[in-house]
Amino acid sequence: MLRKYKDTYPKVAKSVYVDESAVLVGDIEIEEESSIWPLVAARGDVNYIRIGKRSNVQDGSVLHLSRPSKQHPDGFPLIIGDDVTVGHKVMLHGCTLGNRILVGMGAIVMDGVIVEDDVIIGAGSLVPPNKRLVSGYLYVGSPAKQARPLTEDERAFLSISAQNYVELKNDYL
Ligand SMILES: CC(C)(COP(=O)(O)OP(=O)(O)OC[C@H]1O[C@@H](n2cnc3c(N)ncnc32)[C@H](O)[C@@H]1OP(=O)(O)O)[C@@H](O)C(=O)NCCC(=O)NCCS
């Protein structure tokens, strides 16, 4: 369901799959081959949401952002790069994710967080505001801490996971 906020509708590329039970509101743009799964709620009202290519946002995840303020004149938009896997029931709020990232099920990522390319965030982790997660590492826990470098297999899996979801969404389409 794509809904308008003021005069702005979500813009979704042709090859994107949006499940009919998901709700996308307002200033949201999603690039080619990405997918939005059942019961995702994404609200681009007081700022914007951008999702790159071949990324997937899985069931029950919530995407929101923070409005501009005196302290933060741009507020905190939500930006997701390419080949990102967002697991089930994840909360992404006003953060910036790079490319080839896996956000484990149930994780919470807060305002101002920057996740560099090639990172895994373990299931159930909480990433507090304004933290930077460095490229090439696994982070786990609440608050999330750097656990260890990713293995070669895990790095390879980041793109495989995204590609698996491209194929799955093609079936649904
Ligand atoms: C963190 C993760 C990548 C496993 O990493 P790993 O290094 O192979 O971890 P292991 O299974 O060897 O466990 C190592 C330790 O970390 C703990 N651990 C595992 N996953 C954890 C998590 N998400 N948060 C906190 N601790 C975790 C284990 O209990 C174990 O602790 P112990 O040494 O005290 O027994 C995995 O558990 C995970 O969270 N993957 C995300 C999967 C997901 O959500 N995918 C999206 C859905 S499609």
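Residues numbered from 1 in each chain as written. Predicted model: local features only at pLDDT ≥ 70, side-chain atom pairs only at ≥ 80, totals over all residues.

Per an unreviewed UniProt entry, the protein chain goes by the name Gamma carbonic anhydrase family protein and belongs to Pseudoalteromonas xiamenensis.

### Structural notes on the overall build of the protein chain
Secondary structure assignment for the protein chain yields 1 helix and 20 strands. Against the compact-globule benchmark of 16 Å for 173 residues, the protein chain has a radius of gyration of 15 Å, which places it among compact chains. On the principal axes, the C-alpha backbone points of the protein chain span a range of 45 × 45 × 20 Å. Looking at the protein chain as a whole, 42% of its 173 residues are labelled buried. Pairs at least 24 residues apart make up 24% of the contacts formed inside the protein chain by residues separated by at least 6 positions. (Helix = DSSP H or I, 4+ residues; strand = E, 2+ residues; numbered from the N terminus. Rg over C-alpha atoms; globule rule 2.2 N^0.38 Å. Buried ≥ 20, exposed ≤ 12 C-beta atoms within 10 Å, placed from the backbone. Contact = placed C-beta atoms within 7 Å.)

### As for the site of the ligand
Inspection of the region around the ligand gives Gly87, His88, Leu102, Gly104, Met105, Ile120, Gly122, Ala123, Gly124, Leu138, Val140 and Gly141 as its neighbouring residues. Of the residues assigned to the shell around the ligand, the class counts are 6 nonpolar, 6 polar and no charged. (Near = placed C-beta within 6 Å. Nonpolar A, V, L, I, M, F, W, Y, C, P; charged D, E, K, R; others polar.)

### Some details on the pairing of strand S6 (residues 41–51)
Looking at chain direction, strand S4 (residues 23–30) and S6 are connected through 7 bridges and run parallel. Bridge pairing links Val25 to Arg43 in S6. Inspection of the sheet shows S6 paired to strand S8 (residues 62–64) by 2 bridges, in the parallel sense. Of the residues in S8, the one forming a bridge with Ala41 is Val62. (Pairing = 2+ DSSP bridges.)

### A few points about unusual backbone geometry
Cis geometry marks the peptide bond from Ser142 to Pro143, where omega comes out at 0°. Along the chain, Pro143 turns up in the loop between strand S19 (137–140) and strand S20 (145–149). Its identity is not glycine, yet Lys89 carries a phi of approximately 55°, on the positive side. Inspection of the secondary structure assignment puts Lys89 in the loop between strand S10 (85–86) and strand S11 (91–93).

### Some remarks on helix H1 (residues 152–172)
The end-to-end C-alpha separation of H1 is 31 Å, in line with the 30 Å expected for 21 residues at 1.5 Å each. Listing the buried residues of H1 in full gives Leu158, Ala162, Tyr165 and Lys169. (Expected span 1.5 Å × (residues − 1).)

### Observations regarding the sheet that holds strand S13 (residues 101–103)
Pairing is mixed in the open sheet, where 8 strands are placed in the order S3-S5-S7-S10-S13-S16-S19-S20. Among the strands making up the open sheet, the edge pair consists of strand S3 (17–18) and S20. Pairing geometry for S19 and S20, over 4 bridges, is antiparallel. From the neighbouring strand, Leu138 faces S20, where its bridge partner is Arg148.

### Some words on the environment of Asp59
Among the structural elements, Asp59 can be located in the loop between strand S7 (56–57) and S8. Among the residues examined, Asp59 registers 17 C-beta atoms within 10 Å and is labelled partly exposed. Spatially, the C-alpha atoms of Asp59 and Ile36 are 7.8 Å apart, while their sequence positions differ by 23 residues. Leave out the neighbours within four places in its chain, and Asp59 touches Trp37, Pro38, Leu39 and His88.

### A short note on the environment of Pro68
Structurally, the position occupied by Pro68 is in the loop between S8 and strand S9 (78–80). Using a count of 13 C-beta atoms within 10 Å as the deciding quantity, one classes Pro68 as partly exposed. In this structure, the C-alpha to C-alpha distance between Pro68 and Ile101, residues 33 residues apart in sequence, is 27 Å. If near-sequence neighbours (up to four positions away) are discounted, Pro68 is found in contact with Pro73, Asp74 and Gly75.

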